[in-house]
Amino acid sequence: MFRTALRNVLAHKARLLMTVLAVMLGVAFVSGTLVFTDTLSQAFRNQSAKSYDDVAVSVSLYPDPEEARKNPGLSQRTVDEVAGLGGVASVAPRVDGFAGVPDKNGKLIGVGWSNKGTNFAPDKDGKDRAYAFTKGTGPVEAGQVALDEETAAKGGYEVGAPVRVATNGPVKEYTLSGVFTTEDGAVKAGGSLVLFDTPVAQRLYLKPGFYRDMTVTAAPGADSDKLLAEVVKVLPKSATAQTGKALADQQAKDIESGMSALNQILLGAAGIALFVGIFLISNTFTMLVAQRTKELALMRAVGASRKQITRSVLAEAALVGLVASAVGYVLGIGLAVGLRSAMSAFEMKIPDGDLVLGATPLVSAFAVGVLITVLAAWLPGRRASKIPPVAAMSSVHASASTKSLVVRNSIGAFLTAVGAVLIVLGAGQGGSGGRMFIAGGAFLTLIGVIVLIPFLSRPVIALIRPLFVRLFGVSGKLAGLNAVRNPRRTGATASALAIGLTLVTGLSVLGATVGSALDKATTDQIKADYMVTMASGDNLSGEALTALEKTPGVTAVSPLQWGSLQLKGSYVSGTGVTPGAIGKVLKLDVTEGSLASLGGNTIAVDTKTADKLGLKAGSPVPAEFTDKRKGALTVGAVYANNDFVSSVLADHELITAHETEREIRQIFVSMSGGASPAHEQALAKAMGDNPAITVMDHKDIRDSFGGPINMMLNVMYGLLGMALVIAVLGVVNTLAMSVFERQQEIGMLRAIGLDRRRVKRMVRLEAVVISVFGAIVGIALGTFLGWAVGETIKSSLPGYSLVLPWDRLGLFLVLAALVGVLASLWPARSAARLNMLSAIKAE
């Protein structure tokens, strides 16, 4: 039977090609993902270990707000005590924060989160072990900085040249003292690193005389664990210390955790692609079994048992799976290399390292490929074994009995109904619990629709068939009839497209709805012409606020400065604003009192806090601040809950007086005459043309909120594209094998006057009908799921309402039709080129 299986595979190479391609693509996705993430993990682990090669002990201090007022970090005295311990070779104290450098065009080099500034910490010989200088020296004066080699090259900076450095305020100019190389993770990730003289860095990022971190290098022969025990004795209680090895191990675990999330996303997309491929494989073997009815019957007649027939089909599937897995694994390695190159092309740099080819990707590739193929072929193999020899010898393939169709449709309807009920229940419950119900319901509904889709094909195609008849005449009528001739085959082909479009449509509906809600939040609640923020997401400085207030043409400026306090013993979050200006830059719905009273010790609270604490306009309220000082405040106004501000509004000077540092995330600005290029330029000039500070108008603000959603959708579209490619292969396969089965029929149609052009059109329209049918099912189901998931998050999105992206949904239908046309090119050409007489004689 194995020889028979091998002979059949070799005899039907062309017909099995699409199956091989489908499995190959899925396996390539799986193996490529595993190789890629293994390579990334190993590269980051090696870099992490290399970064801490010389570190015996690492110390850091992040005090709570109360302690920070007295002891904001590691003092110079603590550093000197550690340096004086036995077994310590050197100590490198650090203080760091955001610092960016512009390129020749004034644009920020690197991305905000990976642009860092820190201090140059030389030891006794004047060298800093963390940095190897290739040109010049480290900064030793207030007006000097040093840059990493790649940043200097990108900006065209040479030693002795002026360098404009952006922090969280107006840009300042320094002189470049040197260029260095480093193993710093931020630089390796494509960011930049600026070294300042220590007093300058302390003044910028913390407080003169204090550091945030410290690394200790051990003397030769010293034991790191014993040194750690000695270092801990001289540290403040809130400081944390660990050995360099422990820190490297922890970073390795963090890297593994981060790679795991990426792994799951990519493998999830691969799983969807393979799930779609199951329909193609099953359809292929079902059609092959139908076309080999006489051959199978003859084998049964000469003594082959049902089990042997089933094993023969499964052996063919296993051979196909092995070939596809081998090719897919090799393609997966190429995909991993390509992904790594793509990251570098988009300046998402990763550390250098060899490609990691472990056993897991290899085993997974063959296990997944062979298992998926064999499982998909099991049902066709089982059906093949049940064909009675007499019925097969007469070339009459046993059609599905009425009982089997009733059972199938009943099961499909039951699963769909149960799934729909769970989805509706989940939408009503909301929250994470509701989403769990929806996930279970979506799975059951999807399986139910797949089981039920042959039944749905007739009524749905009947609705669109008149349009094809009206537009294309005889070819359109024949295409519609051919599409429903074998509902199971049509359903299996359409299911592959339906699954992909269900997910794509669900994401599109959810993305459009959330995007619309966020857009309303910006346009409905912002009066200001501009919002000023840091590109890195860090805090703006008080200097930035002062500079904006002095800009010509400004009519109102207010920061949103984060703070916290206790009212009546309850912790609440507060927002520091400018009294008199906040009402001019944000739309606040005041329900009691007036915002004009805001200032000094008079505050405003939102309705939720007012109801919780029993407050109203004019109410006195005792308060305790983060510095433990107490005071008596008065409620001057009550306002409706707002997305941009916290539970309490207070004068920003009041917040500043009780916080260790100002946490200004945004500054809103209104200009005389509204937004204009001249006004935007004036604000940028006030910030010293700081490339790290972003001045956004209303459109930019909307884009900043909607951008991440659109980016996520595009990423998901890309990942789900593999499933849609496999679905297209399914359409090609079904049409090609259908043309082979209908050779005699096509020959007869040609004989009675249907020319080649109309034969081609008939096959193309058949593909379009099947593709549009799958698209309709997928779009309908995806819209339902998008609505349900949206209902679970609407409580956290004020102004939420369902938005159907009709343009995208229409585009999906058009693309589905186009997919049908493209998929039919080869089968239609084959059908049109059939020799009329040979086709009529074909059995």
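Quick note: structure is the one above.
The model shown is predicted, which means the values in this text are computed figures rather than measured ones.

Trainee: Can you break down the overall build of the protein chain residue by residue, with the values?
Mentor: Assigned secondary structure in the protein chain consists of 28 helices and 23 strands. When burial is assessed residue by residue, the protein chain has 49% of its 843 residues classed as buried. Residue pairs in contact within the protein chain that sit at least 24 positions apart in sequence constitute 82% of those at least 6 positions apart.

Trainee: Just give me the short version of a nonpolar patch on the surface, but keep the residues and values in it.
Mentor: Together, L811, L815, L818, V821, L822 and L825 line one region of the surface with nonpolar side chains, adding up to about 500 Å² of accessible area. Its location among the elements puts L818 in helix α26 (residues 806-823).

Trainee: Report on the packing of helix α25 (residues 756-793) against α26, specifying residues and quantitative values.
Mentor: Packing of α25 against α26 brings their axes to within 8 Å, and their N-to-C directions diverge by 150°. By the criterion of interaxial angle, the relationship of α25 to α26 is roughly antiparallel. Where α25 crosses over α26, the two elements pack in a sense that is right-handed. On the side of α25, the interface is formed by A767, V768, S771, V772, A775, I776, I779 and T783, while α26 contributes L809, F812, L813, A816, A817, V819, G820 and V821. Its residues assigned to classes, the contact of α25 with α26 comprises 13 nonpolar, three polar and no charged.

Trainee: Describe unusual backbone geometry, with residues and values.
Mentor: For K568, which is not a glycine, the phi torsion comes out positive at approximately 55°. Along the chain, K568 falls in the loop between β15 (554-567) and β16 (570-577). Non-glycine residue K628 carries a positive phi angle of around 75°. As for its position among the elements, K628 is in the loop between β19 (620-625) and β20 (630-639).

Trainee: Which residues make up the nonpolar core, and what are the values?
Mentor: V276, V763 and F773 are the most contacted members of the largest nonpolar core, which has 47 residues in total. Taken together, the elements giving at least two residues each to this core come down to α9 (244-291), α15 (431-472), α16 (474-483), α17 (487-525), α23 (698-741), α24 (743-751), α25 and α27 (825-832). In terms of residue count, the dominant contributor to this core is α25 (12 residues). Those residues in contact with V763, other than ones at most four positions away along the chain, are L735, V739, S824, P827, A828 and A831.

Trainee: Can you lay out the side chain of T505 for me, pointing to particular residues and giving the numbers?
Mentor: Position of T505 among the secondary structure elements: in helix α17. Those residues within four positions of T505 in sequence are excluded, and the remaining contacts are G778, I779, G782, T783, L809 and F812.

Trainee: I'd like a description of the packing of aromatic side chains, backed by residues and values.
Mentor: Per the stated rule, a full pass over the model turns up eight aromatic pairs. With a centroid separation of 6.2 Å and an interplanar angle of 40°, the aromatic rings of F468 and F472 are classed as tilted. With F468 and F472 both in helix α15 and four residues apart, this pair spans about one turn of that helix.

Trainee: Please set out the pairing of strand β21 (residues 648-651) residue by residue, giving values where relevant.
Mentor: Side-chain direction in a regular strand flips from residue to residue, so the side chains alternate between the two faces of the sheet. Pairing of β16 with β21 involves four bridges; the strand directions are parallel. Bridged to G576 within β21 is A650. Across two bridges, strand β18 (residues 602-606) lies against β21 in antiparallel orientation. When the bridges of β21 are listed, V605 appears paired with V648.

Trainee: If you had to explain the environment of D213 to someone new, which residues and values would you point to?
Mentor: Position of D213 relative to the elements: it lies in strand β12 (residues 213-218). Judged by its relative accessible area of 18%, D213 falls in the buried class. Distance in space between the C-alpha atoms of D213 and T240 is 9.6 Å, their sequence separation being 27 residues.

Trainee: Can you tell me about the side chain of T626, naming the residues and giving the values?
Mentor: The topology assignment puts T626 in the loop between β19 and β20. Assessed through its relative accessible area of 16%, T626 is described here as buried. One polar contact links the side chain of T626 to the main-chain carbonyl oxygen of H658, over a distance of 2.8 Å. A polar contact is formed between the side chain of T626 and the side chain of E659, at a distance of 3.5 Å.

Trainee: Just give me the short version of the packing of α16 against α25, but keep the residues and values in it.
Mentor: Two elements in contact, α16 and α25, have axes separated by 8 Å at closest approach and are oriented at 45°. As summarised for this structure, α16 and α25 are arranged oblique, according to the angle between their axes. For the pair α16 and α25, the sense of crossing is right-handed. For the pair α16 and α25, the contacting residues are S475, G476, L478, A479, N482 and A483 in the first and R758, R761, M762, L765, E766, V769 and I770 in the second.

Trainee: Could you give an account of helix α8 (residues 224-233), naming the residues involved and the relevant values?
Mentor: Restricting attention to buried positions, one finds in α8 the residues L227, L228 and V231. Angular distribution of buried residues about the axis of α8 spans 105°; they occupy a single face of the element. Facing away from the buried side of α8, by more than 90 degrees, are the exposed residues D225, K226 and K233. Packed against the buried residues of α8 are β1 (57-60), α4 (76-83), β3 (88-94), β12 and β13 (240-243).

Trainee: Please give an account of the pairing of β1 that cites residues and values.
Mentor: Alternating positions in β1 separate into two faces, V57 and V59 on one and S58 and S60 on the other, with burial throughout. Pairing between β1 and β13: four bridges, direction antiparallel. Looking at β13, one finds that V59 is bridged to A241. Across four bridges, the pairing between β1 and β12 is antiparallel. Within β12, the residue paired with S58 across the bridge is T215.

About the cut-offs
- Residues numbered from 1 in each chain as written.
- Predicted model: local features only at pLDDT ≥ 70, side-chain atom pairs only at ≥ 80, totals over all residues.
- Heavy atoms only, no water.
- Helix = DSSP H or I, 4+ residues; strand = E, 2+ residues; numbered from the N terminus.
- Buried < 20%, exposed > 50% of the residue type's maximum accessible area, 1.4 Å probe, protein only.
- Contact = heavy atoms within 4.5 Å.
- Patch = residues over 30% accessible without salt bridge, like charges linked within 9 Å, V, L, I, M, F, W, Y side chains within 5 Å.
- Areas by Shrake-Rupley, 256 points an atom, 1.4 Å probe, with all protein chains shown as cover.
- Salt bridge = Lys/Arg side-chain N within 4 Å of Asp/Glu carboxyl O.
- Axes fitted to C-alpha atoms, helices over the stretch in contact; angles between N-to-C directions.
- Parallel < 35°, antiparallel > 145°, perpendicular 65-115°, else oblique.
- Left-handed = near helix turned anticlockwise from the far one by under 90°.
- Nonpolar A, V, L, I, M, F, W, Y, C, P; charged D, E, K, R; others polar.
- Core = buried A, V, L, I, M, F, W, Y, C linked by side-chain atoms within 4.5 Å.
- Phe/Tyr/Trp six-rings, centres within 6.5 Å; stacked < 30°, edge-to-face > 60°.
- Pairing = 2+ DSSP bridges.
- Polar contact = N/O pair within 3.5 Å; in protein donor to acceptor, adjacent residues only side chain to side chain.
- Arc of directions from axis to C-beta.

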